[in-house]
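Below are the chains, spelled out letter by letter.
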Amino acid sequence: MYYDDSVMAKADLLVSIVRAGASGDRAKLRSTVEALVADERARSHHGVAERLERALQSVAVTPPPLTTPPPGGGGGRDAILEVTPQQRLEELILPLPVRRSGEQLVEEHVRADVLRAHGMEPRHRVLLSGPPGNGKTSFAEGIAEALALPLFMVRYDSLVGSNLGETNTRLRALCEYVRTRPNVLFFDEFDAVGKERGDTHETGEIKRVVSFLLMQLDQMPSYVVVIAATNHAELLDRAVWRRFQMRLGFPSPDRQMITAYLERTMDRWPERPSATPADIADKLGPVSYAEALDFCQNVRRREILGLGETGIDAALEIELDLWSSRVNPGQQDAERSRKAVAPSRRRTQRRAPSRATVSGNEGDPALPL
Ligand SMILES: Nc1ncnc2c1ncn2[C@@H]1O[C@H](COP(=O)(O)OP(=O)(O)O)[C@@H](O)[C@H]1O
Ligand SMILES: [Mg+2]
């Protein structure tokens, strides 16, 4: 059965190559041969893969010649942190449309051969946006895990050279490297890249680097799943976000979602506290999943280090106390300006520990986390 499927898939690829060659569609020819190369590599047929790659180098492309090795050898790896994904998509609490889109993305890649047989490619450019700590990186990792692909995280520090020419060369090397096999290519804080377009200093050259990157992303073969994440989608200009075929929002979780998250986390604890997850969620106020996770781990640390002296309820109490007095710079600013505007508003806030000194979280859920 598997044998038949894979033979069919290969036959589809070969037919696509013939069609692309016959019609002179070089981009199609290139992407199909690249898919075939990846397939051969996956089967450890490195000799065949290399021969195909060499043959591919004779296919002229416009612009620039992507398969020419970068000067100084393929240093594309340097700007990539290669991660073996652990996070499972099913373990994340996601808004329904995001979950559905994730499942579709996985299906399109798992069954890419079926799409290709009909002349279509799986989607492979995804933009994730939302405040920090709500699962963007985890989602990218989850997609890689579901597809059994490595996660390639782009390291900007190694990508940006001392001058723009160098940056361009490295970018080229990176793109060269990532297309050698199927992977999930993750650009975190993508707004940092997109934003440079607006810089006045050396605008022309920077624009060229960004346009070059965007063009490279457009030309990535579909077996490279490009996922970009940003905390500030509004900073990206339309030209940038239009290139992404899927745009998914990771909003701050509401009380109910945090309750579900606490429920799930505390379920794995040896002992459950007597306070309900909903009570705890109320006391935490608006938080990201990452903050809720930190909180839970701290409770467990107290309990573990208490060596039986500190029960789970006492551990929870200690951490809730600390929580209510923790310092949160962003929130403090917001607090300050709110006090300046409406000093009495604090009294009307939702249930928060009365011993709060510098309250981290009793504010408006729309505040940045
Ligand atoms: N939607 C979610 N569901 C469950 N856990 C989450 C979720 N979002 C974040 N987490 C937890 O918080 C941690 C940090 O989240 P991360 O994916 O790095 O957020 P982001 O990339 O959006 O800043 C994750 O490792 C995970 O344990
Ligand atoms: Mg992240």
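Residues numbered from 1 in each chain as written. Chains lettered and ligands numbered in written order. Predicted model: local features only at pLDDT ≥ 70, side-chain atom pairs only at ≥ 80, totals over all residues.

Chemist: Give a detailed account of the overall build of the protein chain, specifying residues and quantitative values.
Modeler: Across its full length, the protein chain holds 16 helices and six strands. Expressed as a percentage of the 369 residues in the protein chain, the buried residues total 32%. For the protein chain, long-range pairs separated by at least 24 residues make up 75% of all intrachain contacts whose partners lie at least 6 apart in sequence. (Helix = DSSP H or I, 4+ residues; strand = E, 2+ residues; numbered from the N terminus. Buried ≥ 20, exposed ≤ 12 C-beta atoms within 10 Å, placed from the backbone. Contact = placed C-beta atoms within 7 Å.)

Chemist: If you had to explain helix 8 (residues 164–178) to someone new, which residues and values would you point to?
Modeler: When the terminal C-alpha atoms of helix 8 are compared, their 21 Å separation across 15 residues agrees well with the 21 Å that a helix rising 1.5 Å per residue should span. Residues of helix 8 that are buried: Thr 167, Arg 170, Leu 171, Arg 172, Ala 173, Leu 174, Cys 175 and Val 178. (Expected span 1.5 Å × (residues − 1).)

Chemist: Describe the packing of helix 12 (residues 255–267) against helix 14 (residues 289–305), naming the residues involved and giving the relevant values.
Modeler: For any two helices packed against each other, the geometry is given by the interaxial angle and the distance between the axes. It is at 11 Å that the axes of helix 12 and helix 14 come closest, and there the two elements cross at 35 degrees. Considering how the two elements wind past one another, helix 12 and helix 14 form a crossing that is right-handed. Between helix 12, through Ile 258, Tyr 261, Leu 262 and Thr 265, and helix 14, the contact on the second element is made entirely by Tyr 289, Ala 292 and Cys 296. Among the residues forming the contact of helix 12 with helix 14, the class breakdown is six nonpolar, one polar and no charged. (Axes fitted to C-alpha atoms, helices over the stretch in contact; angles between N-to-C directions. Left-handed = near helix turned anticlockwise from the far one by under 90°. Nonpolar A, V, L, I, M, F, W, Y, C, P; charged D, E, K, R; others polar.)

Chemist: Which residues make up the confidence of the model for the protein chain, and what are the values?
Modeler: Caution applies to low-pLDDT parts of the model: their predicted coordinates are not meant to be read in detail. Of the residues in the protein chain, 79% have a pLDDT of 70 or more, and the chain-wide mean is 81. Of the regions scoring below 50 in pLDDT, residues 61–73 engages in 13 contacts with residues more than four places distant in sequence or in other chains. This model gives residues 342–369 a pLDDT under 50, and the stretch forms 45 contacts once residues within four places in sequence are excluded. (pLDDT = per-residue confidence, 0-100.)

Chemist: So what's going on with the site of ligand 1? Which residues, and what values?
Modeler: Residues in contact with ligand 1 amount to 16 residues; listed here are only the nearest, Gly 135, Lys 136, Thr 137, Ser 138 and Tyr 289. Residue assignment for the shell around ligand 1 shows that the elements contributing at least two residues are helix 6 (136–146) and helix 14. Residues that form the shell around ligand 1 fall into these classes: 10 nonpolar, five polar and one charged. Residue contributions to the shell around ligand 1 reach at least three from each of two domains, namely domain 2 (76–249) and domain 3 (255–348). (Near = placed C-beta within 6 Å. Domains from an automatic or database assignment.)

Chemist: Break down the pairing of strand 2 (residues 125–129) for me, citing the residues and quoting the values.
Modeler: The two faces of the sheet receive side chains in turn, since in a regular strand these alternate between them. The element strand 2 is extensively covered by neighbouring structure, given that four of its five residues are classed as buried. For strand 2 and strand 5 (residues 224–230), the ladder comprises five bridges, and the chain directions are parallel. Note that in strand 5 the partner of Leu 128 across the bridge is Ala 229. Inspection of the sheet shows strand 2 paired to strand 6 (residues 246–249) by four bridges, in the parallel sense. Residue pairing for strand 6: Leu 128 is matched across the bridge by Leu 248. (Pairing = 2+ DSSP bridges.)

Chemist: I'd like a rundown of the sheet that holds strand 1 (residues 80–83), residues and numbers included.
Modeler: Pairing between the strands of a sheet is mediated by backbone hydrogen bonds and can be parallel or antiparallel. Spatially, 1-3-4-5-2-6 is the arrangement adopted by the six strands of the open sheet, whose pairing is mixed. Unpaired on one side and paired on the other, strand 1 and strand 6 mark the two borders of the sheet. Across the sheet, the axes of successive neighbouring strands diverge by a mean angle of 20 degrees, strand direction being ignored. As paired strands, strand 4 (residues 183–187) and strand 5 are joined by five bridges and run parallel to one another. If you follow Phe 186 over to strand 5, its bridge partner there is Ile 227. Together, strand 2, strand 5 and strand 6 form the strand contacts of helix 4 (residues 96–110), whose direction differs from that of strand 6 by roughly 145 degrees.

Chemist: For the nonpolar core, give the residues involved together with the corresponding values.
Modeler: Ala 140, Ile 143, Val 184, Leu 185, Phe 186 and Ile 227 are the most contacted members of the largest nonpolar core, which has 49 residues in total. The residues that make up this core include at least three from each of domain 1 (2–57) and domain 2 (76–249). Other than its neighbours up to four places away in sequence, Leu 185 contacts Phe 152, Val 154, Val 178, Val 224, Val 225 and Val 226. Membership of the second largest hydrophobic core comes to 17 residues, among which are Ile 258, Ala 281, Tyr 289 and Phe 295. (Core = buried A, V, L, I, M, F, W, Y, C linked by C-beta atoms within 7 Å.)

Chemist: Go over helix 15 (residues 312–324), please, and point to the residues and values.
Modeler: Between its first and last C-alpha atoms helix 15 spans 18 Å; for 13 residues at 1.5 Å apiece the expected length is 18 Å, and the two agree. Turning to helix 15, its buried residues number three or more, namely Ile 312, Ala 315, Leu 316, Glu 319, Trp 323 and Ser 324. Burial along helix 15 is one-sided: seen end-on, the buried residues are contained in an arc of 160 degrees. (Arc of directions from axis to C-beta.)

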